Amino acid sequence: MLKIRFKRVGKRNQPAFKIVVVEKWRAPTSGKFVEEVGFYNPLTKEKVLRKERIEYWLKCGAQPSETVHNLLVSEGIIKGEKI
């Protein structure tokens with residue numbers, strides 16, 4: 001099963017996150033992912049989302065994590081309520 005979730009990058013106390021499609025059983029720190037579909041920096045509120053690729057993976061059955069789901073709802077990529 002595929003999951004869309006954050007992968008933390010950046011230095012200590014300067015977090016940044018890649019939004020990646022990854023196998024559900026794989027550890028978040030393993031570094032191996034299927035595809036990078038976005039980027040999020042919580043310090044500067046910078047968001048880069050590849051909408052067409054996210055929609056493609058959602059149609060293929062990938063499930064977003066709770067935090068990614070809330071981000072996608074706030075950006076209008078998926079409809080529904082935040083978790």
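Residue numbering note: each chain is counted from 1, following its sequence as written. The predicted nature of this model means local features are confined to residues of pLDDT at least 70 and side-chain atom pairs, given and counted, to a pLDDT of 80 or more, with totals for whole chains, interfaces and linings taken over all residues. Hydrogens and waters are ignored; side-chain quantities use all the structure's heavy atoms.

(A) Region of interest: the overall build of the chain. Broken down by element type, the chain carries two helices and five strands. Listed by position from the N terminus, the elements making up the chain come as β-β-β-β-α-β-α. Between the two quantities, the radius of gyration covers C-alpha atoms and the globule rule is 2.2 Å times the number of residues to the power 0.38. Against the 2.2 N^0.38 benchmark of 12 Å for 83 residues, the chain shows a C-alpha radius of gyration of 12 Å, consistent with a compact globule. For the chain, the spread of C-alpha atoms along the three principal axes comes to 35 × 25 × 20 Å. Buried residues are those whose accessible area, probed at 1.4 Å on protein chains only, stays under 20% of the maximum for their type, while exposed residues exceed 50% and partly exposed ones sit between those limits. Each of the 83 residues in the chain was classed as buried or not, and the buried ones make up 37%. Surface summary for the chain: the accessible area is close to 5500 Å², and the carbon and sulfur share equals 50%. Positive and negative side-chain charges in the chain, numbering 18 and 9 respectively, have mean positions lying 6 Å apart. By definition, any uninterrupted DSSP run of H or I lasting at least four residues is a helix, any uninterrupted run of E lasting at least two residues is a strand, and each is numbered from the N terminus. Note that accessible areas follow from Shrake-Rupley with a 1.4 Å probe, and for residues the cover is restricted to the protein chains shown. For the purpose of charge, His is not counted, nor are the chain termini; Lys and Arg are scored as positive and Asp and Glu as negative. Taken as the charge centre is NZ of Lys, CZ of Arg, CG of Asp or CD of Glu, depending on the residue.

(B) The arrangement of the nonpolar core in detail. Throughout this description, the term nonpolar core refers to a set of buried Ala, Val, Leu, Ile, Met, Phe, Trp, Tyr and Cys residues connected via side-chain atoms within 4.5 Å. Ile4, Phe6, Ile19, Val37 and Trp57 are the most contacted members of the largest nonpolar core, which has 17 residues in total. At the level of secondary structure, the elements contributing two or more residues to this core comprise strand 1 (2-9), strand 2 (16-23), strand 3 (35-41), helix 1 (51-59) and helix 2 (66-75).

(C) Summary view of the sheet that holds strand 4 (residues 46-49). Here five strands make up an open sheet; going across it, the order is 4-3-2-1-5 and the pairing mixed. Edge positions in the open sheet fall to strand 4 and strand 5 (63-64), since each of these has one partner strand only. In the packing of helix 1 onto the sheet, contacts are made with strand 1, strand 2, strand 3, strand 4 and strand 5, and the angle to strand 3 comes to roughly 125°. Strands qualify as paired when DSSP identifies two bridges or more between them. In this analysis, two residues are considered to be in contact whenever any of their non-hydrogen atoms come within 4.5 Å of each other. To obtain each axis, a line is fitted to C-alpha atoms, and for helices this fit is confined to the stretch in contact; angles are then taken between N-to-C directions over 0 to 180 degrees.

(D) Quick peek at the pattern of salt bridges. Salt bridges, as used here, are contacts in which a Lys or Arg side-chain nitrogen is within 4 Å of a carboxyl oxygen on Asp or Glu. Summed over all chains, the structure comprises four salt bridges. For glutamate 36, the salt bridge identified is with lysine 18, shortest N-O distance 3.9 Å. Residue glutamate 36 is found in strand 3, and its partner lysine 18 is found in strand 2; the two are separated by 18 residues along the sequence. Judged by its relative accessible area of 26%, lysine 18 is partly exposed. In this structure, the salt-bridge partner of glutamate 35 is arginine 50, at a minimum N-O distance of 3.1 Å. Of this pair, glutamate 35 sits in strand 3 while arginine 50 sits in the loop between strand 4 and helix 1; the two residues are 15 residues apart in sequence, bridging distant segments of the chain. For arginine 50, a relative accessible area of 36% corresponds to the partly exposed category. Each of Glu35, Arg50 and Arg53 takes part in one network of salt bridges that share partners.

Fair warning: the whole summary comes from geometry, so function is off the table for now.
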